[in-house]
Amino acid sequence: MLSSALHSRAPESDAILKALAAALKGLQADDEDTASISIELTEQGLGKTPAADLWRHLMAVDLSIFQSQTAQALRAEGLSEALLVVLSGRGIEVSEEARDRVTTCDDHDTLTTWLTRAATATTTAELFAGTEG
């Protein structure tokens, strides 16, 4: 973890992060809490460097094992994007307010409900009916 933070701007950062992700995946099976803490600390240590983007992508490969803030945000982002694609594909007008509501929602269950409703809803009002997200 320390190496990933210290070398976050170096050319070898991708190899370091890939090795760390593999190690944490293995550790997760035995000690989920330690793996989660390590993932969070790595994320914080990388800050806003290009290596942080790579780390987020590495975590997105198999998010089911990671519970970090990045993993949770990527799940929500993926659902939000899918929801907006379905609405667009169905020709449903999405106001800026509705778009903001979708993209700022980080509740997995709410986003899943909206995505399911998007298959049959004819308006965003139908989509959001009875939900707070």
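Structure's up top.
Okay, so let's go over this structure. (Residues numbered from 1 in each chain as written. Predicted model: local features only at pLDDT ≥ 70, side-chain atom pairs only at ≥ 80, totals over all residues. Heavy atoms only, no water.)

1. Points about the overall build of the protein
Within the protein one finds eight helices and zero strands. Starting at the N terminus and walking to the C terminus, you meet the elements of the protein as α-α-α-α-α-α-α-α. Evaluated residue by residue, the protein yields a buried proportion of 38% over its 133 residues. For the protein, long-range pairs separated by at least 24 residues make up 57% of all intrachain contacts whose partners lie at least 6 apart in sequence. (Helix = DSSP H or I, 4+ residues; strand = E, 2+ residues; numbered from the N terminus. Buried < 20%, exposed > 50% of the residue type's maximum accessible area, 1.4 Å probe, protein only. Contact = heavy atoms within 4.5 Å.)

2. Remarks on a negative patch on the surface
A cluster of like negative charges, contributed by Asp30, Asp31, Glu32 and Asp33, occupies part of the molecular surface. Relative to the elements of secondary structure, Asp30 occurs in helix α2 (residues 13-30). (Patch = residues over 30% accessible without salt bridge, like charges linked within 9 Å, V, L, I, M, F, W, Y side chains within 5 Å. Areas by Shrake-Rupley, 256 points an atom, 1.4 Å probe, with all protein chains shown as cover. Salt bridge = Lys/Arg side-chain N within 4 Å of Asp/Glu carboxyl O. Lys, Arg positive; Asp, Glu negative; His and termini not counted. Charge placed at Lys NZ, Arg CZ, Asp CG, Glu CD.)

3. Quick look at the environment of Val94
Within the secondary structure, Val94 sits in the loop between α5 (69-89) and α6 (96-104). Note: C-alpha distance between Val94 and Thr123 (29 residues apart in sequence) is 8.3 Å. Once residues lying within four places of it in the same chain are set aside, the contact partners of Val94 are Leu84, Leu87, Arg99 and Thr124.

4. Points about the nonpolar core
Membership of the largest hydrophobic core comes to 14 residues, with the highest contact counts inside it found for Leu83, Leu87, Val102, Trp114, Leu127 and Phe128. At the level of elements, α5, α6, α7 (108-118) and α8 (124-128) are the ones that each hand at least two residues to this core. When residues in this core are grouped by element, the largest group, four residues, is from α5. Among residues more than four places away in sequence, those in contact with Leu83 are Val102, Trp114, Leu115, Ala118 and Leu127. Counting residues in each nonpolar core, the second largest holds eleven residues, with Leu20, Leu46, Ala51 and Met59 among its members. (Core = buried A, V, L, I, M, F, W, Y, C linked by side-chain atoms within 4.5 Å.)

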